[in-house]
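Understanding the architecture of this molecule
If you want the building blocks of each chain, they are given just below.
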Amino acid sequence: MAGEAEPLPPADLLTARTPAAELTVLSSHPEAGVRAGVARHPNTPASVLGALTPEFPQEVLANPALPLLRLADPHLLRGWPDAAFHALLRRPDIPAWVRTHLIRHGRTELLIPLAQHAALSEAEVLTLARHAAWLVRARIAARPALPPDLLAALATDPDYGVRLAVASRPSLPEDVARTLREDPSRFVRQVLGQTREPAPPVDRPV
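First things first, this report covers the structure right here in the doc. (Residues numbered from 1 in each chain as written. Predicted model: local features only at pLDDT ≥ 70, side-chain atom pairs only at ≥ 80, totals over all residues. Heavy atoms only, no water.)

A separate point is the overall build of the protein. Helix and strand counts for the protein come out as 14 helices and 0 strands. Mapped from its N terminus to its C terminus, the protein presents α and β elements in the order α-α-α-α-α-α-α-α-α-α-α-α-α-α. Sequence-distant contacts, at least 24 apart, represent 40% of the contacts inside the protein between residues at least 6 apart. Accessible area of the protein: about 12000 Å², with a carbon and sulfur share of 58%. (Helix = DSSP H or I, 4+ residues; strand = E, 2+ residues; numbered from the N terminus. Contact = heavy atoms within 4.5 Å. Areas by Shrake-Rupley, 256 points an atom, 1.4 Å probe, with all protein chains shown as cover.)

Structure below.
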């Protein structure tokens, strides 16, 4: 109708001076390009960044204000939804500070995929191998490369589900396999027998 203002195109909705309150409103804009621009904008509040992370994890991580927001609030991530962390966990380059937060404060549902992540450091693997939830320890036991001493410890885990994960590995040190051959769980012994060739007989002098 005559006299009505034409809607602004998405590119004109954001400027370097767009205030936080307006960015909060624009974070629900129907145009994905606008929402992505809000995720990158240095004036966007931390809580809004958390809400946008499930859709725009790369843009949020690249936000130039994120390091300052983290310094201003060391507990910034505690207000982010689980969906934000699931999006970050799908990235091969999940930042160390996000991993640290999850290990310290994350729920088991988030630690299970974290325990499988290729980016984990050796120290993080060892920490998660001692987690109270057996599903987390089992995911650690299934990782492709583990030191022999950690495998030996997991092979005597109190939960047979963790020992099953160890027994399912395609190769094991002989001392770990020997431990599992005597496992109290029949399922563990069966899985070990299905995944490993029997030990060759020892030649004895006649």
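Past the structure itself, the notes keep going.
With 53 residues, the main nonpolar core has Leu102, Ile140, Val166 and Leu180 as its most contacted residues. Setting aside chain neighbours within four positions, we find Leu102 in contact with Phe85, Leu89, Ile94, Leu110, Leu111 and Leu114. (Core = buried A, V, L, I, M, F, W, Y, C linked by side-chain atoms within 4.5 Å. Buried < 20%, exposed > 50% of the residue type's maximum accessible area, 1.4 Å probe, protein only.)

Moving on, we come to helix α14 (residues 186-195). What α14 keeps buried is the set Val188, Val191 and Leu192. Along the axis of α14, the buried residues cluster in a sector spanning 100°; they form a single face. The outward face of α14, more than 90 degrees from its buried face, is lined by the exposed residues Gly193 and Gln194. Among the structural elements, α12 (160-167) and α13 (174-181) are those in contact with the buried residues of α14. Of the residues flanking the start of α14, the one acting as N-cap is Ser185, its side-chain oxygen 3.3 Å from the backbone nitrogen of Phe187. (Arc of directions from axis to C-beta. Polar contact = N/O pair within 3.5 Å; in protein donor to acceptor, adjacent residues only side chain to side chain.)

A word on the pattern of salt bridges. Pairing of side chains with opposite charge becomes possible as their charged atoms draw close. Overall, the coordinates contain 8 salt bridges when judged by the stated rule. In this structure, Arg107 engages Asp82 in a salt bridge whose closest nitrogen and oxygen atoms are separated by 2.1 Å. Highlighted residues: Arg107 in the loop between α7 (96-105) and α8 (108-115) and Asp82 in helix α6 (residues 82-89), separated in sequence by 25 residues. Between Arg99 and Glu124 there is a salt bridge; the shortest N-O distance is 2.9 Å. Note that Arg99 is positioned in helix α7 and Glu124 in helix α9 (residues 122-128), a separation of 25 residues in sequence. A network of salt bridges, in which partner residues are shared, links Asp82, Arg107 and Glu109. (Salt bridge = Lys/Arg side-chain N within 4 Å of Asp/Glu carboxyl O.)

Close contact between α12 and α14 brings their axes to 8 Å; oriented N to C, the two are set at 10°. As judged from the angle between their axes, α12 and α14 are roughly parallel. Here Tyr160, Arg163, Leu164 and Ala167 of α12 come into contact with α14, specifically with Phe187, Val188, Val191, Leu192 and Thr195. When grouped by side-chain class, the residues that make up the contact of α12 with α14 number 7 nonpolar, 1 polar and 1 charged. (Axes fitted to C-alpha atoms, helices over the stretch in contact; angles between N-to-C directions. Parallel < 35°, antiparallel > 145°, perpendicular 65-115°, else oblique. Nonpolar A, V, L, I, M, F, W, Y, C, P; charged D, E, K, R; others polar.)

A separate point is the packing of aromatic side chains. Scanning all chains against the criterion turns up 0 aromatic pairs. Across from the ring centre of Trp97, 4.1 Å away, lies the NZ or CZ of Arg70, which sits over that ring. Arg186 extends its terminal NZ or CZ atom over the ring of Phe187, reaching a point 4.9 Å from the ring centre. (Phe/Tyr/Trp six-rings, centres within 6.5 Å; stacked < 30°, edge-to-face > 60°. Lys NZ or Arg CZ within 6 Å of the ring centre and 35° of its normal.)

Along helix α2 (residues 32-40), the positions that sit buried rather than exposed are Val34, Arg35, Ala36, Gly37, Val38 and Ala39. Those residues of α2 that are buried are in contact with α1 (20-26), α3 (46-52) and α4 (57-61).

Further remarks concern the packing of helix α10 (residues 134-141) against α12. At a minimum axis separation of 8 Å, α10 and α12 run at an interaxial angle of 10°. The orientation of α10 relative to α12 falls into the category roughly parallel. Every residue of α12 that contacts α10 at Trp134, Arg137, Ala138 and Ala141 is listed here: Gly161, Val162, Ala165 and Val166. Classifying every residue of the contact of α10 with α12 gives 6 nonpolar, 1 polar and 1 charged.

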